Amino acid sequence: GFINFIVKNLAFEFEDGRLSVLKLLNEIVRKMPQELLDDQAAFLFLPLATRLVNDEAAACRQSVAQNICTIFYKVYVLSVHFISIFTFVISFRFR
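Rules and cut-offs
- Residues numbered from 1 in each chain as written.
- Predicted model: local features only at pLDDT ≥ 70, side-chain atom pairs only at ≥ 80, totals over all residues.
- Heavy atoms only, no water.
- Salt bridge = Lys/Arg side-chain N within 4 Å of Asp/Glu carboxyl O.
- Helix = DSSP H or I, 4+ residues; strand = E, 2+ residues; numbered from the N terminus.
- pLDDT = per-residue confidence, 0-100.
- Axes fitted to C-alpha atoms, helices over the stretch in contact; angles between N-to-C directions.
- Parallel < 35°, antiparallel > 145°, perpendicular 65-115°, else oblique.
- Left-handed = near helix turned anticlockwise from the far one by under 90°.
- Contact = heavy atoms within 4.5 Å.
- Nonpolar A, V, L, I, M, F, W, Y, C, P; charged D, E, K, R; others polar.
- Buried < 20%, exposed > 50% of the residue type's maximum accessible area, 1.4 Å probe, protein only.
- Expected span 1.5 Å × (residues − 1).
- Bend = angle between axes of the 7 residues up to and from the residue.

Examining the pattern of salt bridges
Then comes step 1: In total, this model carries four salt bridges according to the counting rule given.
Then comes step 2: A salt bridge links D55 to R18, with the nearest nitrogen and oxygen atoms 2.8 Å apart. Placement of D55 in the loop between α3 (34-54) and α4 (58-74) and of R18 in helix α2 (residues 15-31) is noted, with a sequence separation of 37 residues between them.
Then comes step 3: Note that K31 is salt-bridged to E27, the shortest N-O span being 3.7 Å. Separated by four residues within a single helix, K31 and E27 lie in helix α2, roughly one turn from each other.

Some points on the confidence of the model for the protein chain
Then comes step 1: The predicted model of the protein chain averages 86 in pLDDT, with 82% of residues at 70 or higher.
Then comes step 2: By mean pLDDT, the top-scoring element of the protein chain is α2 (96), and the lowest-scoring one is helix α5 (residues 80-93) (66).

Describing the packing of α3 against α4
Geometry of a packed helix pair, given as the angle between the helix axes and the separation of the axes.
Then comes step 1: Taken N-terminus to C-terminus, the directions of α3 and α4 make an angle of 150 degrees; their axes are 9 Å apart at the nearest point. Our classification of the angle between α3 and α4 gives roughly antiparallel. α3 and α4 meet at a crossing whose hand is left-handed. Listed contacts from α4 to Q34, L37, A41, L44, F45, L48, A49, R51 and L52 of α3 are R61, V64, A65, N67, I68, I71, F72 and K74.
Then comes step 2: Its residues assigned to classes, the contact of α3 with α4 shows 12 nonpolar, two polar and three charged.

What about the environment of G17?
Then comes step 1: Within the element layout of this structure, G17 appears in helix α2.
Then comes step 2: Given a relative accessible area of 17%, G17 falls into the buried group.
Then comes step 3: In the structure, G17 is positioned 43 residues away from C60 in sequence and 9.9 Å away in space, judged by C-alpha atoms.

Quick look at α2
Then comes step 1: Over its 17 residues, α2 runs 24 Å from end to end, which matches the ideal 24 Å to within 8%, given 1.5 Å per residue.
Then comes step 2: Those residues of α2 not exposed but buried are G17, R18, V21, L22, L25, N26, I28 and V29.
Then comes step 3: Those residues of α2 that are buried lie in contact with α1 (2-8), α3 and α4.

Quick notes on α3
Then comes step 1: Helix length check: α3, at 21 residues, gives a terminal C-alpha distance of 29 Å against a target of 30 Å (1.5 Å per residue), a fit within 8%.
Then comes step 2: Where α3 bends most, the angle comes to about 50 degrees, and this point is Q40.
Then comes step 3: Considered for burial, the residues of α3 that qualify are L37, D38, A41, L44, F45, L48, A49 and R51.

The structure is reproduced here in structure tokens:
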């Protein structure tokens, strides 16, 4: 759907395009109903984390980090999806 379209555009060729997508995604996450965000958090996290590591533009990496922080701030800590994200991060960190 719509969220999938936005996530695909995180890899937009031009920096300005990626920044626009990241701004839009941040607004969507901020206004997303809690239950929907809890469902989408894991789906959003992986492409954002990948973009955080691989994007050449510092402004894009900063915007990606802001999006990740917004997700972690808003997602319900005891949701299954948050726990799966946290488990993934911890397992990746200690490899």
